[in-house]
Amino acid sequence: MVSRGAVPLCFFLSLLISLCADVTVGETPKANDKPVPVGLEWSSLRYSLGRRGKSRNGEETAINLLENVSGEAKPGRLMALMGPSGAGKSTLLLALSGQLPFQRGACLSGSLMINGTEIANKQGEEALSCPPEFDQCLISQSDIFFSQLSVEETLRLAVRLRASDESETERMDKRVDRLVERLALAKAKGTAVGDEKTRGLSGGEKRRLSIACELVGKPSVIFADEPTSGLDSFQATQVADALSGLAKDGHTVVAVIHQPPAPVWDKIDDLCLLSEGKVIYCGPAGGEVIEYFAQLGYACPPFVSASEYLLSLASVDYSSPEAAKDSRARLDFLSERWEREMARRKRAGKMGTAEKNEEEEGKPENSNTEGNEGQLSSSALSSESPLKCLVKRCSALREGLVEALQPSALRAVFKSFASQIGLLFPRAWRQISRDRLALIARLSSTLSSALIEGLIFFGLKLTEAGIQDRLGLLQVAAVSVAMTSVIKTVTAFVKERAVVLKEKTQLARPWSGQKWRTRGTGADKNGENGDSSGSEVTNKKRRRAYPVLAYFLSKLSAELPFNFLFPAIFGAVLYPLAGLNAAAGRFARFLLVLSAESLVTTSLGLLIGSLSPSLDFALALTPAVMLIFIVFGGLYLNVNSVPKALRFIEEWSPIKTSFQALCLNELQGMKFEKEIRGRPPGAAGGAPRIFGRKNSGEKPVVTGEETLVKLGFLSPDENGSLGGGADSVASSILRLCGKQVKLALVLAGLTLFSLRLQSPSFQPLERHPRRPQGQQRGAVVLGEWEQETETEEGEGDSAHTEAAGPETEAEILAGDRGEIAEGGGSNPSVSVA
């Protein structure tokens, strides 16, 4: 059982933790409307999933979704990730954006460089910041919004959640107006987004609204996961026009495009073609890619779309074992040829920078002094014992708490929290109040339930049989209010939770707090090119991720009026029809009990919705949970008969608490005529003894207190008296309503804790492990084991050049195709349907 002091203490701690953990306000971006040019370069990316079980050799097996993937995305160009289904396009996009969901046993390794700087994931490594205004966005496949908000309201709210002051809000509002015009959303500016119940935007308009919501923050890099999928050719072309225009403005755009039509293909600048997690081409699109494959012997047939031919070239034909074997031989050949092409380009780049490196070797290394100090401190830190590291971390945490608890810091935190409540509460209120279909459905359900129950229990009599009727009516009333509130809340909250988690991911970028490692020249603190080795800066978050507590309080506050309105309508119809207790104040307390029950079941619905992965699961779980509370509701199982191990369910059952309060409100102080066998009610007779007392009247009666004792809701005092005045009835009901409020707070705290645990976690990017000694060296892999294999690469390159002799590149390609043909049994070919 939860103690009285534990509830406010837990609630305050959750409030403090939520505020300190989520409210982050960073530096304000400059007023320049142009994005910061950001180039991405990745090499040797690998992503594998651990599989249970072991192979014949006793080694653990794994599934490779990405294998030695390398490429580059440049600012001002639209890059498309293409390939057949299951090629790893979305996995690569999420890995580049840093939003690949974390999975236990999985491993993401490789190198990711941004403007010449590399992410440092391990503690103590030398780090360098990206440009201060660097930002990115991910446009997911699912377009989920608050359905009752208009396009303009959705964009304005996105602006205010990203802005750090009023001046920035005004500047971003002007940017919203330009985005609305540019993305062809002007006509739909006042239209609600809509959902499956409410008519709203079309699929293409929702997709462009997703793009606009991300662009209000002026991201330098835009990742789009299949932005044209599910759209017709015209809508897909409009979305592609928008992405191409953003690329021309200086953004770096990387999009997964599945089977683009001809108008969309013409707007693609660069192409990364994947097949079964491997790259078979990454470079300029258009004529260059067709020419590249034509040199390898795979010329595009005439009158065939280039995109369709490339997808067929990258696919495996499973129509027959022979076709699958030929297809895999072709893909192995194309993957190997591309690795050689990347190695050739890498060697050409090294030759171009050799002279520059020789000049830098003669210069004094004054600029690396800070970097050496950082390396020394890092090595010293790594050599410390775990206990010393723990002491340092505890001292740093204590200093941070002392700083955070300063009056000025607390005022800033609560001011920011209040401003976020001011943004989120109107959204929650509009979402509830504008959903007319949901309100009408809930009102219809409330009225119909009240009318049906009122007609069934119409005009209850003051007889012994009327006691049973009253108990049945009060139990049904408690169940009806509870089920109506919990089902409505679960249905709405499961959808809203997806939007909230999406916004938390958008407003707290995974790379925003990472450190960066230099690899030669890169961007310095001011975002300018130059030698910046040794400097260490963290790219702080400029956005503020609103805490879950702010959303949760806004949601509960918006739901509160409806938690009183619908129970009041239900009680106003049911109470006079059934002819319940008409004493003064009983009707008001009846409504108070139903409202308290509606509040606690709303919190229960929020908890169930937060724990459910889908709406179907939540709707299946809700009746099972409510059935347990109904069984322990006080009518079907006597309170004194509940097993001790299960009494905590009975103690905190909202239906039982409401039923007990309703029974106290209805039965205490009432008298019912007792029915005797063979004698109709009202006939004169002897006075039976009732609990050791003889009734003084001619008609035998049963008091309401006796029924409450039988139910276990009331116990006699020391004098054996069962009576209770109006004050005792009111105090008992208020105590039970207070218990309901406490239970609502406990459920709200559990929901808040559940939502905080569901904060998105992403797969970390690890460096490739060193190659074990004695392992044979295979094909040249870009970016892998660079430190220990540079000399070996140089020797291998010279030997390869000498062995190649005077052969031309065409002869080498022809020889490779001949080897594949001999090994595969037939020349690798591709058929276009």
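Residues numbered from 1 in each chain as written. Predicted model: local features only at pLDDT ≥ 70, side-chain atom pairs only at ≥ 80, totals over all residues. Heavy atoms only, no water.

A.B. asks: Would you explain the overall build of the protein chain in this entry?
C.D. replies: Along the protein chain, the regular secondary structure elements total 24 helices and 18 strands. Going through the 833 residues of the protein chain one by one, you find that 46% of them count as buried. By element, 56% of the accessible surface of the protein chain is carried by carbon and sulfur atoms, the whole surface being about 40,600 Å². (Helix = DSSP H or I, 4+ residues; strand = E, 2+ residues; numbered from the N terminus. Buried < 20%, exposed > 50% of the residue type's maximum accessible area, 1.4 Å probe, protein only. Areas by Shrake-Rupley, 256 points an atom, 1.4 Å probe, with all protein chains shown as cover.)

A.B. asks: When you look at the pattern of salt bridges in this model, what are you seeing that I'm missing?
C.D. replies: A side chain with one charge may pair with a side chain of the opposite charge, provided their charged atoms come close. Evaluation of the coordinates by the stated rule reveals 20 salt bridges. Put simply, K197 and D435 hold a salt bridge, and the shortest N to O gap is 3.3 Å. Of this pair, K197 sits in the loop between helix 4 (166–182) and helix 5 (203–215) while D435 is found in the loop between helix 13 (407–433) and helix 14 (436–456), placing the two residues 238 residues apart along the sequence. The class for K197 is partly exposed, based on a relative accessible area of 38%. A salt bridge links K555 to E559; the nearest nitrogen and oxygen atoms lie 3.3 Å apart. Here K555 and its partner E559 are both found in helix 16 (residues 548–578), four residues apart, which amounts to about one turn of the helix. As far as the burial class goes, K555 and E559 line up, both buried. Several salt bridges converge on common partners, so that one network encompasses E152, R156, D177 and K189. (Salt bridge = Lys/Arg side-chain N within 4 Å of Asp/Glu carboxyl O.)

A.B. asks: Even after reading the chapter, I still don't get the packing of aromatic side chains, so can you show me in this structure?
C.D. replies: Given two aromatic rings, one states the distance between the centres and the angle between the planes to describe the pair. Tallied over the full model, the rule gives twelve aromatic pairs. Consider the rings of W429 and F562, whose centres lie 5.5 Å apart with planes at 35°: the pair is tilted. Taken together, the positions of W429 in helix 13 and F562 in helix 16 put the pair 133 residues apart, joining distant regions of the chain. Using a relative accessible area of 34% as the deciding quantity, one classes W429 as partly exposed. Seen from their ring centres, F493 and Y551 are 6.4 Å apart, and the 20° between their planes marks the pair as stacked. (Phe/Tyr/Trp six-rings, centres within 6.5 Å; stacked < 30°, edge-to-face > 60°.)

A.B. asks: I'm lost on the environment of A572 in this one. Help?
C.D. replies: Of note, A572 is situated in helix 16. Taking C-alpha positions, A572 is 9.8 Å from L447, a pair spaced 125 residues apart along the chain. In contact with A572, other than residues within four places in its own chain, are F587 and L591. (Contact = heavy atoms within 4.5 Å.)

A.B. asks: I'm lost on helix 8 (residues 287–295) in this one. Help?
C.D. replies: In an α-helix, one turn spans 3.6 residues, which is why side chains three or four residues apart end up on the same side. Listed in full, the buried residues belonging to helix 8 are V289, Y292 and F293. Buried residues of helix 8, seen end-on, are gathered within an arc of 90° and therefore sit on one face of the element. Phi turns positive, to about 95°, at G297, one or two residues after helix 8. (Arc of directions from axis to C-beta.)

A.B. asks: Where do I start with the sheet that holds strand 3 (residues 78–82) in this structure?
C.D. replies: Either a parallel or an antiparallel arrangement is found when strands of a sheet pair, and the pairing is made through backbone hydrogen bonds. The six strands lie next to each other as 6-7-8-3-9-10, forming an open sheet whose pairing is mixed. In this open sheet, the two strands that pair with only one neighbour each are strand 6 (136–139) and strand 10 (278–284). When strand polarity is set aside, the average angle formed by the axes of neighbouring strands in this sheet is 15°. The sheet contact formed by strand 9 (residues 270–275) and strand 10 spans six bridges and is antiparallel. Among the inter-strand pairings, S275 is bridged to a residue of strand 10, identified as K278. Running at roughly 155° to strand 7 (residues 221–225), helix 2 (residues 89–97) makes contact with strand 3, strand 6, strand 7, strand 8 (252–256) and strand 9 of the sheet. Set on the sheet, helix 5 makes contact with strand 6 and strand 7; between it and strand 6 the angle comes to about 165°. (Pairing = 2+ DSSP bridges. Axes fitted to C-alpha atoms, helices over the stretch in contact; angles between N-to-C directions.)

A.B. asks: Can you walk me through helix 14 in this structure?
C.D. replies: Counted at 1.5 Å a residue, the expected span for helix 14 with its 21 residues is 30 Å, and the 30 Å between its end C-alpha atoms agrees. For helix 14, the complete set of buried residues consists of R442, T446, S449, A450, E453 and G454. Around the axis of helix 14, the buried residues are gathered within 120° of arc, so they sit on the same side. Structural note: helix 14 exposes R436, I440, I452, L455 and I456 on the side pointing more than 90 degrees away from its buried face. (Expected span 1.5 Å × (residues − 1).)

A.B. asks: Help me understand the pairing of strand 8, please; the structure alone is not making it clear to me.
C.D. replies: Remark: a regular strand shows side chains that alternate across the two faces of the sheet. With five of five residues buried, strand 8 is to be regarded as a mostly interior element. The alternating pattern of strand 8 places T252, V254 and V256 on one face and V253 and A255 on the opposite face, and all of these are buried. Bridge analysis of strand 3 against strand 8 gives four bridges, and the strand direction is parallel. Counted as the bridge partner of A80 is A255 from strand 8. As paired strands, strand 7 and strand 8 are joined by five bridges and run parallel to one another. Its bridge partner being in strand 8, F223 is matched across the sheet by V254. Assessed by its sense of winding, the connection that carries the chain from strand 7 through helix 6 (residues 233–248) to strand 8 is right-handed. (Right-handed = clockwise from strand over helix to strand, strands pointing away.)

A.B. asks: Before we go on, may I ask you to explain the pairing of strand 7 in this structure?
C.D. replies: The buried fraction of strand 7 is high, at five of five residues. Here strand 6 runs beside strand 7; their pairing, made up of four bridges, is parallel. Bridge pairing in strand 7 places Q136 opposite V221.

A.B. asks: Before we go on, may I ask you to explain the packing of helix 20 (residues 654–667) against helix 21 (residues 704–711) in this structure?
C.D. replies: Each packed pair of helices is defined by two parameters, the angle between the axes and the distance between the axes. Viewed as axis vectors pointing N to C, helix 20 and helix 21 meet at an angle of 160°, and their least axial separation amounts to 9 Å. Comparing their axes, helix 21 and helix 20 come out roughly antiparallel. Once helix 20 is placed against helix 21, the crossing between them reads as left-handed. Facing C663, L664 and L667 of helix 20, the residues of helix 21 in contact are G704, E705, T707, L708 and L711. Here the residues of the contact of helix 20 with helix 21 sort into five nonpolar, two polar and one charged. (Parallel < 35°, antiparallel > 145°, perpendicular 65-115°, else oblique. Left-handed = near helix turned anticlockwise from the far one by under 90°. Nonpolar A, V, L, I, M, F, W, Y, C, P; charged D, E, K, R; others polar.)

A.B. asks: Even after reading the chapter, I still don't get unusual backbone geometry, so can you show me in this structure?
C.D. replies: With the exception of glycine, the majority of residues adopt a negative phi angle, and the majority of peptide bonds are in the trans configuration. Residue A184 is not a glycine yet carries a positive backbone phi of 60°. With respect to the helices and strands, A184 occurs in the loop between helix 4 and helix 5. Unlike most non-glycine residues, E226 shows phi in positive territory, near 50°. E226 gets classed as buried once you look at its relative accessible area, which sits at 17%.

A.B. asks: Explain the side chain of K206 to me, please; I cannot follow it from the model alone.
C.D. replies: Among the secondary structure elements, K206 is positioned in helix 5. Residues within four places of K206 in sequence aside, it is in contact with D143, F145, V193, G194, D195 and L201.

A.B. asks: How do you make sense of the nonpolar core when you look at a structure like this?
C.D. replies: Nonpolar side chains in soluble globular proteins tend to be buried together. Membership of the largest hydrophobic core comes to 94 residues, with the highest contact counts inside it found for W42, L92, L209, W265 and F293. For this core, the element with the highest residue contribution is helix 6, accounting for seven residues. Contacts of L209, omitting those with residues within four sequence positions, involve F145, V151, L155, L185, V193 and L201. Of all hydrophobic cores here, the second largest spans 58 residues; its members include V479, L574, L591 and F629. (Core = buried A, V, L, I, M, F, W, Y, C linked by side-chain atoms within 4.5 Å.)

A.B. asks: I would appreciate a short explanation of the side chain of T252 in the present structure.
C.D. replies: Mapped onto the fold, T252 is located in strand 8. Its relative accessible area of 0% is what places T252 among the buried residues. Within the structure, T252 has its side chain in polar contact with the backbone oxygen of V38 (distance 2.4 Å). The residues contacting T252, other than those within four sequence positions of it, are V38, A73, K74, P75, G76, R77, S220, V221 and I222. (Polar contact = N/O pair within 3.5 Å; in protein donor to acceptor, adjacent residues only side chain to side chain.)

A.B. asks: Looking at this structure, how should I read the confidence of the model for the protein chain?
C.D. replies: Predicted coordinates in areas of low pLDDT are best not read in detail. On average, the protein chain scores 74 in pLDDT, and the residues at 70 or more come to 68%. Within the model, the stretch residues 351–357 combines pLDDT values under 50 with one contact to residues more than four positions away or in other chains. For the stretch residues 511–544, pLDDT sits under 50, and the model shows 130 contacts to residues farther than four places along the chain or on other chains. (pLDDT = per-residue confidence, 0-100.)

A.B. asks: How should I be thinking about a nonpolar patch on the surface in this particular structure?
C.D. replies: Taken together, L443, L447 and L451 make up a surface patch of nonpolar side chains, about 210 Å² in accessible area. Considering the arrangement of structural elements, one finds L451 in helix 14. For L451, a relative accessible area of 42% puts it in the partly exposed group. (Patch = residues over 30% accessible without salt bridge, like charges linked within 9 Å, V, L, I, M, F, W, Y side chains within 5 Å.)

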